[in-house]
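Read off the chains here:
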Amino acid sequence: MLTVFFQAALLLWFFGCIRSYYIGKRILVEGMGIKSAEFIMFCLYSIGLICYYLLQPFGKWILFSVLTFWFIVQFFCHWFYTIFGAGRKKIQGYNDCFRDTIRLFPMSEKRLIPDLYHIVLHILILINITLCL
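Quantities reported herein were computed from a predicted structural model and do not represent experimental measurements. (Residues numbered from 1 in each chain as written. Predicted model: local features only at pLDDT ≥ 70, side-chain atom pairs only at ≥ 80, totals over all residues. Heavy atoms only, no water.)

### A look at the overall build of the chain
If you tally the helices and strands in the chain, you get five helices and two strands. Listing each helix as α and each strand as β along the chain from the N terminus yields α-β-β-α-α-α-α. For 133 residues, the compact-globule estimate of 2.2 N^0.38 gives 14 Å, and the chain sits close to it at 16 Å. Oriented by its inertia axes, the alpha-carbon framework of the chain measures out at about 45 × 35 × 30 Å. Restricting to contacts in the chain with at least 6 residues of sequence separation, those with at least 24 account for 55%. Here the chain contributes 12 positively and 6 negatively charged side chains, and the mean placements of these two sets differ by 3 Å. (Helix = DSSP H or I, 4+ residues; strand = E, 2+ residues; numbered from the N terminus. Rg over C-alpha atoms; globule rule 2.2 N^0.38 Å. Contact = heavy atoms within 4.5 Å. Lys, Arg positive; Asp, Glu negative; His and termini not counted. Charge placed at Lys NZ, Arg CZ, Asp CG, Glu CD.)

Right, here's the structure in full:
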């Protein structure tokens, strides 16, 4: 039951990358629509979930592969630059893109700092990877 809860939570949370989510007048995440890389990842995760439930025991490895790929992509889009630093242009572009989103930690001109949405997204991906095993 815990697995189903976190799989559904990730699916609903990530849907915000397709359709914008707001908390009051503040942006949690700005959706990019169905013509985006985010929508492709949403479809891959959905297919992974279908395989998980219909093709056991092999389906769990399909879902595990999708989640691992997704986490690696997210790591190199966000946390790599947070941990190892980024150039001024990369930080400026990231800050401009996520300027109006809700943050736990303030933006920095020296380090890339993920917003609340991405922090929760990455935690949910990691939880799902763990539960998949």
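Moving on from the coordinates now.
### A closer look at the packing of helix H2 (residues 37-54) against helix H3 (residues 58-84)
Look at H2 against H3: their axes get within 7 Å of each other, and the N-to-C directions meet at 155 degrees. It follows from the interaxial angle that H2 and H3 lie roughly antiparallel. Handedness of the crossing formed by H2 with H3: left-handed. Across the interface between the two elements, Met41, Leu44, Tyr45, Gly48, Leu49, Cys51 and Tyr52 of H2 pack against Gly59, Lys60, Ile62, Leu63, Val66, Leu67, Phe69 and Trp70 of H3. In the contact of H2 with H3, the residues fall into 12 nonpolar, two polar and one charged. (Axes fitted to C-alpha atoms, helices over the stretch in contact; angles between N-to-C directions. Parallel < 35°, antiparallel > 145°, perpendicular 65-115°, else oblique. Left-handed = near helix turned anticlockwise from the far one by under 90°. Nonpolar A, V, L, I, M, F, W, Y, C, P; charged D, E, K, R; others polar.)

### Observations regarding the side chain of Asp115
As for its position among the elements, Asp115 is in the loop between helix H4 (88-97) and helix H5 (116-132). Among buried Asp, Glu, Lys and Arg side chains, Asp115 stands out as unpaired, with Arg103 the closest opposite charge at 5.4 Å. Within the local environment of Asp115, its side chain forms a polar contact with the side chain of His118, the two groups lying 2.6 Å apart. (Buried < 20%, exposed > 50% of the residue type's maximum accessible area, 1.4 Å probe, protein only. Salt bridge = Lys/Arg side-chain N within 4 Å of Asp/Glu carboxyl O. Polar contact = N/O pair within 3.5 Å; in protein donor to acceptor, adjacent residues only side chain to side chain.)

### Quick look at the nonpolar core
Formed by 25 residues in total, the largest nonpolar core has its most connected members in Leu10, Phe14, Leu67, Trp70, Tyr117 and Leu121. Of all elements in the fold, only helix H1 (2-14), strand E2 (26-29), H2, H3 and H5 reach the threshold of two or more residues within this core. The residues touching Leu67, leaving out its near neighbours within four places in the chain, are Leu10, Tyr45, Ile125, Asn128, Ile129 and Cys132. (Core = buried A, V, L, I, M, F, W, Y, C linked by side-chain atoms within 4.5 Å.)

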